[in-house]
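Given next are the chains, with one letter for each unit.
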Amino acid sequence: MPDAALRHPLPAPVPAALRQVPVPGGSLACWDTGGDGPAVVLLHPGTGSHAVWGYQQPVLAAAGYRVIGYSRRGHLGSPATQDPGCAGEDLAALMEALGVARAHLLGCAAGAIVAFDFALSFPERVGRLVLACTHMGLEDADYAALSASLRPKGFSELPATFREVGPSYRAANPEGTAAWLALEHAAIQGPRVEQRRLNRLDRAALGRLAMPVLLVGGDADLWAPPSVFRQFQRALPGSELLILPECGHAAQWEQPEAFNAAVLGFLGRG
């Protein structure tokens, strides 16, 4: 792959005013492109916020979707609260406040875990589900041990760009890496908020997902390499799997053209 394939100019965003949406015990920063098309809710990584979707928002909106992005509690614009609340319940409240009865969900990394949890409890509110660059938060003892074995002690203290962004992208696109890092620094300015889940997340729970699912991984993802994503696919009968080349844990940022094309093709079949 030539280095030029890892350099992508950000498209002009579709205007979408930022607002605060009330949820039980707090509020979430949210933008919404509006429109009459099917809704797509974007769920950001743990290192991100509502602001990380610059490559996706205009592309999805141009395809006719109503695109919604928001920050979970403790992330940019969404205050941390003494009671951290439940991320899935917050998403349900957000959709209710916006008048969205049903939406496609696109979650990356930690956002994919929230989408997975929400889809188990509210399957009737989910059209299609995209789970990208995530370890799924599975609680099976053997999987937890496998996942932990992939990363050395102290991994979480290493620089975010090393943990999240693939080495090929960092080498080929230092400007894009710096832009990603600026978004990461702005996303969390206080202690991290650990929100409650609605369900036990394990392989059996993956198998209970009834809606169409697209899995997207990166071949250089230190959190969930391709072999792990193939395990997810085996646990999810009928799911689709795409492994993006020269890509780490931030597929939506590192390989946006291939990522967007896969998402649009998948959602378009709904």
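That block above? That's the structure.
Residues numbered from 1 in each chain as written. Predicted model: local features only at pLDDT ≥ 70, side-chain atom pairs only at ≥ 80, totals over all residues. Heavy atoms only, no water.

Caption draft 1: Expanded view of the packing of aromatic side chains. Applying the stated criterion across every chain, the model contains 6 aromatic pairs. On the basis of an interplanar angle of 50 degrees and a centroid distance of 5.9 Å, the ring pair of Tyr143 and Phe232 is categorised as tilted. In this pair, Tyr143 is assigned in helix H4 (residues 141–149) and Phe232 in helix H9 (residues 226–235), connecting sequence segments 89 residues apart. Look at Tyr143 and you get buried, because its relative accessible area is 2%. Given the relative accessible area of 1%, Phe232 is considered buried. (Phe/Tyr/Trp six-rings, centres within 6.5 Å; stacked < 30°, edge-to-face > 60°. Helix = DSSP H or I, 4+ residues; strand = E, 2+ residues; numbered from the N terminus. Buried < 20%, exposed > 50% of the residue type's maximum accessible area, 1.4 Å probe, protein only.)

Caption draft 2: How the structure looks around the sheet that holds strand E2 (residues 26–32). With mixed pairing, the 8 strands of this open sheet are ordered in space as E1-E2-E4-E3-E5-E6-E7-E8. Of all the strands in the sheet, just strand E1 (18–23) and strand E8 (240–244) have a single pairing partner and so form its edges. For this sheet, the mean angle separating the axes of adjacent strands, direction not counted, is 25 degrees. As defined by bridge partners, strand E7 (residues 213–218) adjoins E8 across 5 bridges and the pair is classed as parallel. The partner of Val216 across the bridge, within E8, is Leu242. (Pairing = 2+ DSSP bridges. Axes fitted to C-alpha atoms, helices over the stretch in contact; angles between N-to-C directions.)

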